[in-house]
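# Report on the structure
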Amino acid sequence: MAIQLVRRNQPLIWLIPLFFIAIFISYFYLDRTIVYFFNGIDTRQYRLLTIAAEGVPALAVTFIVIMLLVHFYRYFCHSKSLLSPWIHIAIICCISNYIKSLLKKLFGRYFPDTWFCDNLSLLENDMYGFAGAYKLTNSSMPSGHLTLATAFLLGLLFFFPSRWMRGVAIAGILLTFLGQLSLYYHFLSDLLAGLLLGLTVVTIYTEFLTRIKNSSANPAS
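Quick notes on the rules
Each chain carries its own residue numbering, running from 1 in the written order of its sequence. A pLDDT threshold of at least 70 governs which residues receive local features in this predicted model, and a stricter bar of 80 or more applies before side-chain atom pairs are shown or counted, although totals over entire chains, interfaces and linings include all residues. No hydrogens and no water enter the side-chain calculation; it runs on all heavy atoms of the structure. Helical segments are the DSSP runs of H or I of at least four residues, strand segments are the runs of E of at least two, and each set is numbered from the N terminus. Partly exposed residues are those whose accessible area sits between 20% and 50% of the maximum for their type, while under 20% is buried and over 50% is exposed, using a 1.4 Å probe and protein chains only. Any carboxyl oxygen of Asp or Glu that lies within 4 Å of a side-chain nitrogen of Lys or Arg is treated as forming a salt bridge with it. Pairing of aromatic rings covers Phe, Tyr and Trp, the last through its six-membered ring, and needs centres within 6.5 Å; plane angles under 30 degrees mean stacked, over 60 mean edge-to-face, and all others mean tilted. Whether two residues are in contact is decided by their heavy atoms, any of which lying within 4.5 Å being enough. To obtain each axis, a line is fitted to C-alpha atoms, and for helices this fit is confined to the stretch in contact; angles are then taken between N-to-C directions over 0 to 180 degrees. For this classification, under 35 degrees means roughly parallel, over 145 means roughly antiparallel, 65 to 115 means roughly perpendicular, and everything else is oblique. Should the near helix be turned counterclockwise from the far one by less than a right angle, the crossing is left-handed, whereas a clockwise turn marks it as right-handed. Three classes are used: nonpolar for Ala, Val, Leu, Ile, Met, Phe, Trp, Tyr, Cys and Pro, charged for Asp, Glu, Lys and Arg, and polar for all others, with Gly counted as polar. Along the chain, pLDDT gives the predictor's confidence residue by residue, from 0 to 100. A helix is expected to reach a length of 1.5 Å times the quantity of its residues less one.

## Topic: unusual backbone geometry
For the peptide bond that leads from methionine 141 to proline 142, omega is -5°, which places it in the cis range. Mapped onto the elements of the fold, proline 142 is located in the loop between α5 (122–125) and α6 (144–159). You will see that aspartate 42, though not glycine, has its phi angle at about 55°, which is positive. In this structure, aspartate 42 sits in the loop between α2 (16–40) and α3 (47–76). Accessibility expressed as a relative area gives 39% for aspartate 42, which makes it partly exposed. Positive phi is not limited to glycine here, since aspartate 126 has a value of about 55°. You can see aspartate 126 is positioned in the loop between α5 and α6. Exposure remark for aspartate 126: the relative accessible area of 59% places this residue in the exposed category.

## Here's the deal with the pattern of salt bridges
In this structure the tally under the stated criterion is three salt bridges. Aspartate 113 serves as the salt-bridge partner of arginine 44, at 2.9 Å between the closest nitrogen and oxygen. Taken together, the positions of arginine 44 in the loop between α2 and α3 and aspartate 113 in the loop between α4 (85–107) and α5 put the pair 69 residues apart, joining distant regions of the chain. The salt bridge involving aspartate 190 is made with arginine 109; its shortest N-O contact spans 2.7 Å.

## Comments concerning the packing of aromatic side chains
To describe a pair of aromatic rings, one takes the distance between the centres and the angle between the planes. Enumeration according to the criterion identifies twelve aromatic pairs in this entry. Each ring, one from phenylalanine 63 and one from phenylalanine 152, has its centre 5.2 Å from the other, and the planes form 50°; the classification is tilted. With phenylalanine 63 in helix α3 and phenylalanine 152 in helix α6, the pair connects residues that are 89 residues apart, well separated along the chain. For phenylalanine 152, a relative accessible area of 5% gives the class buried. Look at tryptophan 86 and phenylalanine 160: their rings are 4.8 Å apart centre to centre, the planes differ by 35°, and that puts the pair in the tilted class. Pair noted here: tryptophan 86 is in helix α4 and phenylalanine 160 is in the loop between α6 and α7 (163–182), with a separation of 74 residues, a long-range link. Residue class for tryptophan 86 comes out partly exposed when judged on its relative accessible area of 37%. The exposure class assigned to phenylalanine 160 is partly exposed, which follows from its relative accessible area of 30%.

## Description of the environment of phenylalanine 38
Along the polypeptide, phenylalanine 38 turns up in helix α2. Residue classification places phenylalanine 38 among the buried positions, given a relative accessible area of 16%. For phenylalanine 38, the residues in contact, after removing those within four places along its chain, are Thr43, Leu181, Ser182 and Tyr184.

## Structural notes on the packing of α4 against α6
Look at α4 against α6: their axes get within 9 Å of each other, and the N-to-C directions meet at 155°. Taken as axis vectors, α4 and α6 run roughly antiparallel relative to one another. Like other packed secondary-structure pairs, α4 and α6 cross with a definite hand, here right-handed. Residues Pro85, Trp86, His88, Ile89, Ile92, Cys93, Ser96, Lys100 and Lys104 of α4 lie in contact with α6, whose contacting residues are Gly144, Thr147, Leu148, Ala151, Phe152, Gly155, Leu156 and Phe159. When the residues that make up the contact of α4 with α6 are grouped by side-chain class, the tally is ten nonpolar, five polar and two charged.

## Description of the confidence of the model for the protein chain
Do not read the predicted coordinates in detail wherever pLDDT is low. Confidence in the prediction for the protein chain averages 87 pLDDT; 88% of positions are at 70 or higher. Contacts from residues 1–9, a stretch scored under 50 in pLDDT, to residues over four places away or in other chains number 17 contacts.

## Looking at α4
In this model, α4 (23 residues) spans 33 Å end to end at C-alpha, consistent with the 33 Å of a helix rising 1.5 Å per residue. Among the residues of α4, those classed as buried are Ile87, His88, Ile89, Ala90, Ile92, Cys93, Ser96, Lys100 and Lys104. Of the residues trailing α4, glycine 108 is marked for its positive phi of about 55°.

Okay, structure coming up:
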C-alpha cells in the first residue's frame, strides 16, 4: 500500500479522515467494552498472545540498535554507504518513536490497566479519558508498540518490495495489533492511532526520498 501510494505521488491524506472517524467511534463506543471483555476471560494466561504483541516491536528495537552501530562504524571507517536502505529503515523507526513519545505527552491518556509504574488506569482506578498535556508520566495514546511495528515492517516493504515481504508486513502488523488488543495493553483507539502514525511517517519519508531521487535523476536544465 505504502509503495503504491508513494509511486503515484499520493500520500495517505484520503485515509486520515477515516482513521479519525474510527478512533472517535472506538473511543466513545468500543474501547472500554473490549477491555472489560478480554479482562473477563483472562487472555493474559496465553503466552502466545504476549509473543504476538511484543515480538515484532522487540525485533525492530534490536534492528535499530544494530543498524545504527554498524553504520556509524562504517561512517567512521569512511564508508560511502551510510545511507543504505537499512539505515533509512532505522531512521524511519526512530522518527516514528520520537513523534509517538511527543504525542503521548500531549495526549496524556489513561491506560486500560496499571503496570509496574503505578499509572492510573481504567481497571484499577476507573479512570478513562485524557488527563491533559504533560500531566501523566506514562500515556496510552498512541500505541508505541504498533507504531514501531508498522514503521519497521512498512519500511522493509518499501525498500524490499515483494509478494513475500508484503505478506510478512501484513501478518506482523496484524499480529501486533491483535496481541496488544487482546491483552488490553492499549485501547483500540490507541492502536488505530499508532497504526496511522507509523503509516504516515513511512509514507512521508519515502515520498521525500522518491522526490530527491527523481530530482537527482532529472536535474533542471
